[in-house]
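# Observations on chain architecture
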Amino acid sequence: MTNHWVDIKNADVVVVMGGNAAEAHPVGFRWAIEAKKQNSAKLMVVDPRFNRTASVADFYTPIRSGTDIAMLLGVIRYLLANDKIQHEYVKHYTNASFLVNEGFKFEDGLFSGYDAETRQYDKSTWSYQLDENGQPKRDLTFQDPRCVINLLKAHVERYTPEMVERICGTKQKAFLEFAETIASTSTPERTTTFLYALGWTQHSVGSQNIRSMAMIQLLLGNIGMAGGGVNALRGHSNVQGSTDMGLFPSMLTGYMPLPTENDTSLDAFLARITPKTTVEGQVNYWQNTPKFLVSLLKSFYGDKATAENEYCFHNLPKQLPKKLDPMQYINMMVEGKVNGYICQGYNPIASYPDSNKVRKGLSKLKFLVILDPLETDTSNFWQNHGEMNDVNPADIQTEVFRLPTICFAEEDGSIANSGRWLQWHWKAAEPPKEAKPDVDILAEIREVMLEMYHHEGGKSIDTIEATTWDYANPAEPKADELAKEINGYALEDIVDPTSGQILVKKGELLSSFAQLRNDGTTASGNWIYTGQWTPKGNQMANRDNSDPSGLGNTLGWAFAWPANRRIVYNRASADPSGKPWNPKRQLVKWNGKNWNYIDVADFGSAPPNSNVTPFIMQPEGVSRLFALDKLVDGPFPEHYEPIESPIGTNPLHPNVVQNPVVRILDSDKASFGTADEFPYVGTTYRLTEHFHFWTKQSMLNMIAQPDPFVEIGEALAQEKGIVNGDTVKVSSKRGFIKAKAVVTKRVRSVQADGKTIHTVGIPIHGGFATVGKKGYLANSLTGRVGDANTQTPEYKTFLVNIEKVTEVA
């Protein structure tokens, strides 16, 4: 989230799209209700299903799953065509005026540079025109046809209300009301906030879904504003923390990439990943990447990391030439190329697409280690539960080890929520005797590995021994030790180069990532978390909820990364002269001599009308309506059909139906169905009564929602002869599930491209590892296809058939 949960109350329009906040985030959703109470905010919901959020909304319209980009680009077309943008913001704070390379073009569904053989883009034309000094050319009058704003106008011209209805199935009248309401916040005194979740990310165009919305917010001047922003609602608390801490196959902490085999030296790697400032005088804060990375290496390797050995850079694992994402890894299991799998706090047989393939992969392992407080479907994958898990345990040679861990309430530690708030929590109960914290188990595994290496030998023992492990009890690292290590220390006195003053003494905790150095004198496990535990103590444990601003920016409550900043890019809340766009929701203001602010400043101390512009993480200092080369599937969003399309074509360009660079492995290409065999759209979602797959082990939750079910509309039910409570079989190209049918008005059919599109709604909470009634796994149906940028699977739209059955599984 660029903003935070409490800030939602400041919005004048709240759009919930690609999520269901009332049902999946019932506590946080109170702030949307506060916006309605305090600001008479209009709550708008767009979703294939009339859900609990829609039930309290001022506006609801259905949409065909997988077509959000078409609607959002239709909104952008409406804003540009009706002059409903915040002109000064767009001119000064976005790249709207930048001139794009003459070689860039978009034709028949493809951007320039596409290679059909490799299914990749050469992105060299996705760039700015440069002047004789190497600076991007701009036209602040927006007259040049190569201006980003003019290229954007041309790109979205096809997304008329008629085309939106044809693609999305959303009626033109409803679409226009949606667009007009959003456009009402193009004035400086009003803001829209967008709330989204997995309903946008879990698509083959998930990254571009979010980018489309972000572009709307930039045109409206809503980024950096109280009540505005781009706000991702995380599915549970530490999802934000897991991404912050680099739990990706290709990332380090603080959103820095892992090196590849081509990065032959630290200097070469840093030169590749550190952005060059493209507009003279801009902050370009990512230019400090060498400080972040060297400090991370010092945290990893301590005294063994020296300038002479490139701070142990070569100890880091390298990304493989083929992306080793979960889909590729399961493939390797199926092919017998993986001996063992350590599964920590995760349930891949329920969470990964195509559960049947996951089961095959797990069956080829020599050993599977499960670290979890509860029994999971993955820990019990080898058990025969009839049709829902039809296996012969005698045929499975995988040895399964269950190592019981404790849950968060049984230990001290921190949790990072959607709003980037790091909040410390204290142990509430003692764990069962046999359960241990994850970190203790991992510490024991490390110790045994080292013993085995010393006894038996093996490759890379030097890289394991090089890692620091300086805890009071190496077998039981404590939460406060880890938190301080992640925060970072001064390894030598840190001196201000201008005044010569000592800023931090050797051995002291750092207070800010501004104190990090690239010369080996600082260590930090995650640069964005520097400041969470300072010489003043544990900032995550702060519990002062005073709010002088009235805007909910309680700077004394917990710690928000970065630098305890609550609203990212808050300099953009004031015009170039430093005057707040909306004085009633003031975040920063220039008083003639310096800045006054109620949030932590996101721009340093540069005075107004200097060359420094608010978007300090971008090398050109402005936000991007044209994304240059950051996304692999285009600098502008474009509607592409889901991989399994119910209409079988793309009305915008029939020759390019789906995302041309989508993530599909060769071995999965035959696993996708067509609308002839599977005529209905399946989509997955959560219920309030259950929390992912965990509450299957809670009898109270199972009593509240005992039966696995699917939702279908009345028209489809009548067509298939299904009545409420019937047992139905829902099948896809990958597998099937059986469940009770709930026939409801909540799921409506829509007309798209001349066809009636029916949706089957499938809650995700089933499975056979449960204290209640056993059920099928929803991901038996989903396909192994990923977003082109993130590889996130397309869980929210796939093709199914549904039939009434007489037997009960």
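Residues numbered from 1 in each chain as written. Predicted model: local features only at pLDDT ≥ 70, side-chain atom pairs only at ≥ 80, totals over all residues. Heavy atoms only, no water.

### A short note on the pairing of strand β2 (residues 42-46)
How we decide: Burial status follows relative accessibility: with a 1.4 Å probe on protein chains alone, a residue under 20% of its type maximum counts as buried, one over 50% as exposed, and anything between as partly exposed. Put simply, DSSP H or I for four residues or longer makes a helix, DSSP E for two residues or longer makes a strand, and each gets a number counted from the N terminus. The criterion for strand pairing is that DSSP finds at least two bridges linking the strands in question.
Among the five residues in β2, four count as buried, and that is most of the element. Taken together, the three bridges between β2 and strand β3 (residues 59-61) define a ladder with parallel strand orientation. When the bridges of β3 are listed, Val46 appears paired with Thr61.

### Thoughts on the pattern of salt bridges
Rules: Criterion for a salt bridge: a side-chain nitrogen of Lys or Arg within 4 Å of a carboxyl oxygen of Asp or Glu.
The tally for this structure, following the rule as stated, stands at 34 salt bridges. For the salt bridge of Asp325 with Arg663, the shortest nitrogen-to-oxygen distance reads 2.7 Å. Linking Asp325 in the loop between α12 (289-301) and α13 (326-334) with Arg663 in the loop between β23 (595-597) and β24 (680-685), this pair joins segments that are 338 residues apart in sequence. In this pair, the class of Asp325 matches that of Arg663, namely buried. Put simply, Lys804 and Asp726 hold a salt bridge, and the shortest N to O gap is 3.5 Å. Remark: Asp726 occurs in the loop between α20 (714-720) and β26 (727-731) and Lys804 occurs in strand β31 (residues 798-804); sequence separation between them is 78 residues. Residue classification places Lys804 among the partly exposed positions, given a relative accessible area of 44%. Look at Asp726 and you get buried, because its relative accessible area is 14%. Among the charged side chains, a network of salt bridges with common partners joins Glu23, Arg49, Arg52, Glu689, Glu711 and Arg746.

### Topic: the domain arrangement of the chain
For clarity, the threshold we go by: Domain extents, as shown, originate in an automatic or database domain assignment. Whether two residues are in contact is decided by their heavy atoms, any of which lying within 4.5 Å being enough. Put simply, buried area is the surface a 1.4 Å probe can reach on two separate parts but cannot reach once they are joined, added for both. The term polar contact refers here to a pair of N or O atoms within 3.5 Å; inside protein, the definition further demands a hydrogen-donor-capable atom paired with an acceptor-capable atom, and it admits residues adjacent in sequence only when both atoms are side-chain atoms.
Domain boundaries in the chain define domain 1 (5-235), domain 2 (326-417 + 430-466) and domain 3 (666-804). Averaged C-alpha coordinates put domain 2 and domain 3 at centres separated by 27 Å. Listed by partner, the interface residues are 23 residues for domain 2 and 28 residues for domain 3. Summed over the three residues of domain 2 that lose the most area to domain 3, namely Met327, Asp377 and Met388, the buried surface amounts to 28% of that side. Linking domain 2 with domain 3 are three salt bridges, by the criterion used here. Across the salt bridge formed by Lys357 and Asp668, the nearest N and O atoms sit 2.7 Å from each other. Between the two partners, domain 2 and domain 3, sit 19 residue pairs in polar contact (both at pLDDT 80 or more). At the level of secondary structure, the elements contributing two or more residues to the side of domain 2 that touches domain 3 comprise α13, α14 (348-351) and α15 (355-363).

### Section: the sheet that holds strand β30 (residues 759-763)
This is how it is decided: Angles shown run from 0 to 180 degrees and are taken between the N-to-C directions of axes, each axis being a line fitted to C-alpha atoms and, for helices, limited to the stretch in contact.
With mixed pairing, six strands are arranged side by side around a closed barrel as β24-β30-β25-β27-β26-β31. Here the average twist between neighbouring strands, direction ignored, is 45°. Both β24 and β30 contribute to a ladder of five bridges, which runs parallel. When the bridges of β30 are listed, Thr684 appears paired with Ile762.

### What about a nonpolar patch on the surface?
Filter applied, for reference: In this scheme, patches are assembled from residues that exceed 30% relative accessible area and form no salt bridge. Like charges are connected within 9 Å, while nonpolar side chains (Val, Leu, Ile, Met, Phe, Trp, Tyr) are connected within 5 Å. All accessible-area figures derive from a Shrake-Rupley calculation using a 1.4 Å probe, and residue coverage is judged against the displayed protein chains alone.
A cluster of nonpolar residues, Met699, Leu700, Ile703 and Val771, forms a patch on the protein surface that exposes about 410 Å² of accessible area. Here Met699 shows up in helix α19 (residues 699-704). We classify Met699 as partly exposed; its relative accessible area is 44%.

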